[in-house]
Amino acid sequence: MTALEGKIRSALRAQYFELDRRLLAAFRIYFGLVLLYDILRRFPVVTLFYTNDGILPNHYAIFAPMAQPLFSLFFACSTKGEVLVAFTLTALVYLGLVVGYRTKLMQILTAILYPSLIARNLFFEMGGSCCLSLAASWTVFLPLGDRFSVDALRSTLSSHREQKVSALNDREAIRPNRAPHVSLVTLGLLLQVTSIYFFNCVQKYGADWRSWAAVHWVLWQNRIATALCGFVRMHEPRWFSPGLSWGTLVVEASAPLMLLSPFVWRWTRSIYVPLAMSFHAGIALFVDVGPYSYVMFAFDLLMLPGFWFDRGAEWLRKGKVARTVVSDPPDPGLHWIARVLARVDTFELLRFVDRSAPSSPSDLTGIPTSGMATLGPDGTWRADADAVVEA
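Bear in mind that the values here come from a model prediction, so they are computed numbers and not experimental data.

Enquirer: Before we move on, could you go through helix α7 (residues 127-139) and cite the residues and values that matter?
Expert: Between its first and last C-alpha, α7 extends 19 Å over 13 residues, near the 18 Å set by a 1.5 Å rise per residue. Among all positions of α7, only G128, S129, C131, L132, S133, A135, A136 and T139 are buried.

Listed below in structure tokens is the structure:
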């Protein structure tokens, strides 16, 4: 392989097959919160939509399905109490996904539970529900728990058991894996998002779109109109509908090009992400189309080039000052807290000192007599819980 071929191969891999693990973690947290909101908004209508006392009893949904094939674990629930238990357990799965506890199991359960939930009663669903199912299905193959998760913390705590406080200052062994994740699923996600925009664009060929009046008619769809939409349509300026109709077509037509462009792709995607998020924020403000806009935020987040995380970290790092943490290794609880602090110290600003064996006498000047202590930037020692907060 020549040097040129190697560069081309590396560039194509970075563009179409790599995902930053920090992006995956950010996606996991946000996506889990969207799922939590989705399940919580259903609790007030449990009886009406999901029990045998409502509009669609489970036996009727099974023997006269609204679509085929149709499968739902929630068909097993008949009474309000049973559904509430099932919904609560589902919410706990989504919460586990947010914090990254047994992440892979939570991903698999999410990919089963969410489609089961929407299949229980299709009256309640729309296009955004399909997008949520797609996101859950695609990402089940990705390591969403590698960063910023309980799993990542537990893994390093079990694999590297520091016995001395001084060992906590050597972060090499406990640094997270900074290499991007390489997978064919990345290309699948790119094509999935591209197809959503492409097919949304090509079907907008009617007279209303050609005359730039489509958004005007959308504003008067009372079934999906928000309060803001109701206000705007009563004071709609003449440029509003033509401008937004044209802008909708431009965003949806250009999104596939920006996502799949083989040239300066980091910058085309850097333009795409805020543009697409602004577009979906506008949709969410004016019309209620379920979780569509919010799941598209999640998809768009995965399209963000990883170098923006590096720039964000540099910005957050500014103004941060180093701190000294004094711990007592014979106390297992304090030593465990110190080990956790070493792992969540993203910018590696903490220096750990053994109370019984300081590297220099000045390390313990003015220190509290017992427990954990942290020396703040103002030169004041803080003890116990305040020490953990200060660190």
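Enquirer: Describe the pairing of strand β3 (residues 323-327), naming the residues involved and giving the relevant values.
Expert: Counting buried positions over the five residues of β3 gives five, a clear majority of the element. Residue alternation in β3 divides its side chains into two sets, R323, V325 and S327 and T324 and V326, and both sets are buried. Sheet analysis places β3 next to strand β4 (residues 350-354), joined by five bridges and oriented parallel. Bridging across to β4, R323 finds its partner in L350. Once the chain exits β3 it traverses helix α17 (residues 332-344) before rejoining the sheet at β4, and the crossover so formed is right-handed. Pairing analysis gives three bridges linking β3 to strand β5 (residues 373-375), with the strands arranged antiparallel. Within β5, the residue paired with V325 across the bridge is T374.

Enquirer: Pulling in residues and values, what's your account of a nonpolar patch on the surface?
Expert: A surface patch of nonpolar side chains, amounting to about 590 Å² of accessible area, comprises V85, L89, L92, L95, V99, Y101 and V150. By secondary structure assignment, the location of Y101 is in the loop between α5 (80-99) and α6 (103-120).

Enquirer: Break down the packing of helix α14 (residues 265-286) against helix α16 (residues 307-317) for me, with residues and values.
Expert: Helices that pack against each other are described as a pair by the angle of their axes relative to one another and the distance between those axes. Contact pair α14 / α16: the axes reach a minimum separation of 11 Å and the direction vectors enclose 70°. Here α14 lies roughly perpendicular to α16, going by the angle between them. Along the contact surface, α14 presents R266, W267 and S270, while α16 presents F307, W308 and R311. Split into classes, the residues belonging to the contact of α14 with α16 amount to three nonpolar, one polar and two charged.

Enquirer: Kindly report on the environment of L56, identifying the contributing residues and their values.
Expert: Among the structural elements, L56 can be located in the loop between α3 (46-50) and α4 (58-63). Look at L56 and you get buried, because its relative accessible area is 5%. For the pair L56 and F199, spaced 143 residues apart in the sequence, the C-alpha separation amounts to 32 Å. What L56 contacts, discounting residues up to four positions off in sequence, is T51, A61, M66, R120 and N121.

Enquirer: Account for the packing of aromatic side chains, naming residues and giving values.
Expert: Considering all chains together, one arrives at 13 aromatic pairs under this definition. For the ring pair W267 and W308, a centre distance of 6.1 Å and an interplane angle of 85° mean the geometry is edge-to-face. Of this pair, W267 sits in helix α14 while W308 is found in helix α16, placing the two residues 41 residues apart along the sequence. Connected via pairs of aromatic rings, a cluster forms that spans F43, F49, Y50, F74 and F87. The residue whose ring lies beneath R233 is W220, and the NZ or CZ to ring-centre distance is 4.7 Å. Lying over the aromatic face of W308, R311 brings its terminal NZ or CZ to 5.3 Å of the ring centre.

Cut-offs applied
The residue numbering used here restarts from 1 in each chain and proceeds along that chain's sequence as written. Only residues with pLDDT of at least 70 are given local features in this predicted model, and only at 80 or more are side-chain atom pairs given and counted; all residues enter the totals for whole chains, interfaces and linings. Only hydrogens and water are removed before side-chain values are computed, so all heavy atoms of the structure are retained for them. The helix count covers DSSP runs of H or I at least four residues long, the strand count covers runs of E at least two residues long, and both are numbered beginning at the N terminus. One less than the number of residues in a helix, times 1.5 Å, gives the span that helix is expected to have. Working definition: with a 1.4 Å probe on protein chains only, accessible area under 20% of the residue-type maximum means buried, over 50% means exposed, and in between means partly exposed. When DSSP locates at least two bridges between a pair of strands, those strands are taken to pair. The path from the first strand over the helix to the second decides the hand: if it runs clockwise while the strands point away from the viewer, the crossover is right-handed. Note on patches: the residues involved have over 30% relative accessible area and no salt bridge, like charges join within 9 Å, and the nonpolar side chains Val, Leu, Ile, Met, Phe, Trp and Tyr join within 5 Å. Using a 1.4 Å probe, accessible areas were evaluated by the Shrake-Rupley method; residue-level cover was limited to the displayed protein chains. For salt bridges, the criterion is a side-chain nitrogen of Lys or Arg within 4 Å of an Asp or Glu carboxyl oxygen. To get an axis, fit a line to the C-alpha atoms, keeping to the stretch in contact for a helix; angles then go from 0 to 180 degrees between the N-to-C directions. For classification, angles of less than 35 degrees are called roughly parallel, those exceeding 145 degrees roughly antiparallel, those between 65 and 115 degrees roughly perpendicular, and all remaining angles oblique. In this analysis, two residues are considered to be in contact whenever any of their non-hydrogen atoms come within 4.5 Å of each other. Only Asp, Glu, Lys and Arg are considered charged, only Ala, Val, Leu, Ile, Met, Phe, Trp, Tyr, Cys and Pro nonpolar, and every remaining residue, Gly among them, polar. Pairing of aromatic rings covers Phe, Tyr and Trp, the last through its six-membered ring, and needs centres within 6.5 Å; plane angles under 30 degrees mean stacked, over 60 mean edge-to-face, and all others mean tilted. Put simply, a charge is over a ring when the Lys NZ or the Arg CZ is close to the ring centre, within 6 Å, and near the line of the ring normal, within 35 degrees.

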